Amino acid sequence: MGVVYNYGLADFQSIAAGAAVLASGGGGSYHDACSILQELAGQGWSGTVTVQDYDGATNACVLAIMGSPDAADSLTLAAVQNSVSNTVAVMEASTGALLGALIPVEIGPINSLVPLIGAAMSQGAVWVVNGDGAGRAVPELPQTTFTGGVQLAPCPAALASDASTLVDLESAVLGASTAARVETLAGGVVAGFGGYSGIAMWPSNAGNGFALSGSYIPGTLEQARGLGQFLLQAATPPATAAVADVITMITGRPAGAVVTNFFITSVTQSTSSASLDSGIIRLDNTRDPSLSTETHYLYNLNENLMMYSSASVAPDVIAPDSICYYSESTGRGFSNASDDLALYFDPTTGKSTGQMVSVIAVQTAPQLYNTPGVVASFAGLLRNMGYAGAMPSA
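Source: prediction; values computed, not measured.

Conventions used here
- Residues numbered from 1 in each chain as written.
- Predicted model: local features only at pLDDT ≥ 70, side-chain atom pairs only at ≥ 80, totals over all residues.
- Heavy atoms only, no water.
- Helix = DSSP H or I, 4+ residues; strand = E, 2+ residues; numbered from the N terminus.
- Buried < 20%, exposed > 50% of the residue type's maximum accessible area, 1.4 Å probe, protein only.
- Expected span 1.5 Å × (residues − 1).
- Pairing = 2+ DSSP bridges.
- Axes fitted to C-alpha atoms, helices over the stretch in contact; angles between N-to-C directions.
- Contact = heavy atoms within 4.5 Å.
- 1 Å grid on protein atoms, 1.4 Å probe; cavity = no way out; pocket = protein on both sides within 12 Å on 5 of 7 lines; lining within 4 Å.
- Points joined across faces, edges and corners; volume = space filled by probe spheres on them.

Draft legend 1. Here's a closer look at unusual backbone geometry. Backbone torsion omega between Cys 155 and Pro 156 reads 5°, so that peptide bond is classified as cis. With respect to the secondary-structure elements, Pro 156 resides in the loop between strand 6 (131-132) and strand 7 (157-160). Residue Pro 320 is bonded to the preceding Ala 319 through a cis peptide linkage, with omega at 15°. Following the sequence through the fold, Pro 320 ends up in the loop between strand 15 (315-318) and strand 16 (322-326). Even without being a glycine, Ser 24 presents a positive backbone phi close to 60°. Along the polypeptide, Ser 24 turns up in the loop between helix 1 (9-22) and helix 2 (30-42). The buried category is assigned to Ser 24, whose relative accessible area is 0%. Look at Phe 210: it is not a glycine, yet its phi comes out positive at around 55°. Take Phe 210: it is sitting in the loop between strand 9 (196-204) and strand 10 (217-218). Looking at Phe 210, the relative accessible area reads 17%, which means it is buried.

This is how it looks when you write it as structure tokens:
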């Protein structure tokens, strides 16, 4: 079973801070994650949640918030708790099995917390698996290791709104043979709910031999907690190179700064019909882009998928490698959600706020890269952005 952890509120805060870097610009808003945890503290919660490796004997499923981070702008604790309880109830009714464990779909400021909040609500009846399906945040379900388990079927997939009463609850149970089909079907449902939804899928129980075993990347929640603890305990914001070194040490994945202390000088974002935010972020080495001598562009689909320099014919970084934000001005990571970006780029003036931004490239988790279909799925997203070059090697 490995090490058993008992995470309290301080650990939740560390996980959110670490995930805000490791998530490659996605996984939900760090600003919202901090607000949600402040609410949790305000409620007086002082318990702990058990976090450990999957035991191969407990009914479990993947649990997340799905959709547009901007649609979920100013997400509250009540919205998360309602989404979790509604979605879990629909999943349990669909499978006929009470859940005893939950696992994050990805690493992200919100989506790393969702199963932890669900377990905290259960008063000890549910624990959380120390892992996830990507080691970063991903735009779509097919870009996870959960797709690699032959016995781990994606459905039934349960989606539910954040309604506080049964009469107002909207939900859907999807049946499909692949995560790609669930993604397509879920896009319309999530849009109908208002742009975001709770989602539970990939059930693991006696019916499929508890197939979650071997289908996830182990240890990633503890990795996020370790990085976040390093950032939160630092007396002054650590240097970008130091953060990259800590990421390498904690995750075992090579990491290095691509740009250090640049400025966000332009943000173009829009929300698709499938409730995904897509956009282009411009980074310059001066606050005034007209004086810049080096410019880079980040292309995102919720998450950062490609970064390139105007002076190069090849990308700086492409997915599935992670393209992670960190700021030496604030000592924190952040996401592409509007409320996170607002600290670094003022949308009312169309100019940088003066807060500096760095980008750290982190090599893909080997298990993600080697999951059949994952690299091809990322390649399809990149082709839609206009990139048709080679993919990174494992």
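Additional details are given in the paragraphs that follow.
Draft legend 2. The arrangement of helix 6 (residues 220-233) in detail. Between its first and last C-alpha, helix 6 extends 20 Å over 14 residues, near the 20 Å set by a 1.5 Å rise per residue. Counting buried positions over the 14 residues of helix 6 gives 10, a clear majority of the element. Those residues of helix 6 lying buried are Thr 220, Leu 221, Glu 222, Gln 223, Ala 224, Arg 225, Gly 226, Leu 227, Gly 228 and Leu 231.

Draft legend 3. Representation of the sheet that holds strand 7. If you trace the eight strands from one edge of the open sheet to the other, you get 1-2-5-4-3-9-7-8, paired in mixed fashion. Where the open sheet ends on each side, the last strands, each with one partner, are strand 1 (5-7) and strand 8 (171-174). Strand after strand, the sheet turns through a mean of 30° between neighbouring axes, direction not considered. Where strand 3 (residues 60-67) meets strand 4 (residues 101-104), four bridges bridge the pair, whose relative direction is parallel. Bridged to Ala 60 within strand 4 is Ala 101. Helix-sheet contacts for helix 4 (residues 113-121) involve strand 1, strand 2 (49-52), strand 3, strand 4 and strand 5 (127-129), and the interaxial angle to strand 4 is about 160°.

Draft legend 4. The arrangement of empty space enclosed by the protein in detail. This model, assessed by the stated rule, comprises two cavities of 30 Å³ or more. One number sums up the size of the second largest cavity: a volume of about 40 Å³.

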